[in-house]
Amino acid sequence: RKEVEQDPGPFNVPEGATVAFNCTYSNSASQSFFWYRQDCRKEPKLLMSVYSSGNEDGRFTAQLNRASQYISLLIRDSKLSDSATYLCVVNEREYGNKLVFGAGTILRVKS
Amino acid sequence: EAGVTQFPSHSVIEKGQTVTLRCDPISGHDNLYWYRRVMGKEIKFLLHFVKESKQDESGMPNNRFLAERTGGTYSTLKVQPAELEDSGVYFCASSNTPGQGGYTQYFGPGTRLTVL
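Predicted, not measured: the structure shown is a model, and the values here were computed from it.

Colleague: How should the overall build of chain B be read in this particular structure?
Modeller: From N to C terminus, chain B includes zero helices and eleven strands. Listed by position from the N terminus, the elements making up chain B come as β-β-β-β-β-β-β-β-β-β-β. At 14 Å, chain B has a C-alpha radius of gyration in line with the 13 Å of a compact globule built from 116 residues. Looking at the 116 residues of chain B, the share that counts as buried comes to 47%.

Structure (structure tokens):
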């Protein structure tokens, strides 16, 4: 079983759509959680951290359910520029500061 | 503020040769990390430096890989001798210490290594 599992994708959606990504993690001792965005042949860039209380940044909303070891990302009003690979990332802080990545979900927003 | 930089951006070498990758972290970041993504797989942790000390090298695949961070500034990752399965993208990341922006890791553009 992978340490971080994500929806396989790709997700092909029209502009303006709402799309949700899900992720589960296996290490219950994990302490912090993130969504990173990666454009083709570029480096991962932090999109947002994920907190138990849920957090929102403009069109993006992230949720964490520690009991279920489940993380989600909701994108509202999708833009063409949202097309990218979205990486679910977990920090296994018990090992120091090691990020564990999911394989990523590809999002393609079309006009 | 300059981001994490890596050199070279691409490297093509033959099996058995040696390659050295370099990473310059964001100025003032004590934490430096190496990750890699091999074809078709997720990004995997290699190791973590705090200043010049190796905090965690649990992800280093074998003794053909040697990472150094002399002086606690830039870091090098040497692969000697390179094998075909070492091909992939090697990312470097850096982060500040907790309480000064937390653990957010900022990634460099990566070095794409191809071993023929």
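After that view of the structure, there is still more to cover.
Colleague: How do you make sense of the interface of chain A and chain B when you look at a structure like this?
Modeller: Quoted interface sizes are often the accessible area lost when the parts come together. Contacts between the two partners involve 19 residues from chain A and, on the opposite side, 18 residues from chain B. Each partner contributes to the roughly 1,700 Å² buried at the junction of chain A and chain B, and carbon and sulfur atoms together form 53% of this total. Of all residues in chain A, E43(A), N97(A) and F101(A) bury the most surface against chain B, accounting for 31% of the area lost on that side. The tally of links between chain A and chain B comes to zero salt bridges. At the boundary of chain A with chain B, the tally comes to four residue pairs in polar contact (both at pLDDT 80 or more).

Colleague: Even after reading the chapter, I still don't get the environment of Y51(A), so can you show me in this structure?
Modeller: Residue and element names in this part refer to chain A. Mapped onto the secondary structure, Y51 falls in the loop between β5 (44–50) and β6 (55–57). Taking the relative accessible area as the measure of exposure, Y51 reaches 48% and is therefore partly exposed. The sequence separation of Y51 and A62 amounts to eleven residues, and the corresponding C-alpha distance is 7.7 Å.

Colleague: Teacher, can you tell me more about the pattern of salt bridges here?
Modeller: Once their charged atoms are close, side chains differing in charge can pair, the charge on each being opposite to the other. Residue and element names in this part refer to chain B. Counted by the stated rule, this structure contains ten salt bridges over all chains. A salt bridge links K44 to E42, with the nearest nitrogen and oxygen atoms 3.6 Å apart. E42 gets classed as buried once you look at its relative accessible area, which sits at 11%. Close ionic contact of K54 with E57 constitutes a salt bridge, the shortest N to O distance being 3.9 Å. Overall, E57 belongs to the partly exposed group, its relative accessible area being 43%. Among the ionic contacts, a cluster of salt bridges with common partners joins R36, R64 and D86.

Reading the values: the criteria
- Residues numbered from 1 in each chain as written.
- Chains lettered and ligands numbered in written order.
- Predicted model: local features only at pLDDT ≥ 70, side-chain atom pairs only at ≥ 80, totals over all residues.
- Heavy atoms only, no water.
- Helix = DSSP H or I, 4+ residues; strand = E, 2+ residues; numbered from the N terminus.
- Rg over C-alpha atoms; globule rule 2.2 N^0.38 Å.
- Buried < 20%, exposed > 50% of the residue type's maximum accessible area, 1.4 Å probe, protein only.
- Contact = heavy atoms within 4.5 Å.
- Buried area = accessible area lost by both parts, 1.4 Å probe.
- Salt bridge = Lys/Arg side-chain N within 4 Å of Asp/Glu carboxyl O.
- Polar contact = N/O pair within 3.5 Å; in protein donor to acceptor, adjacent residues only side chain to side chain.

None of the figures reported here should be taken as evidence of function without further support.
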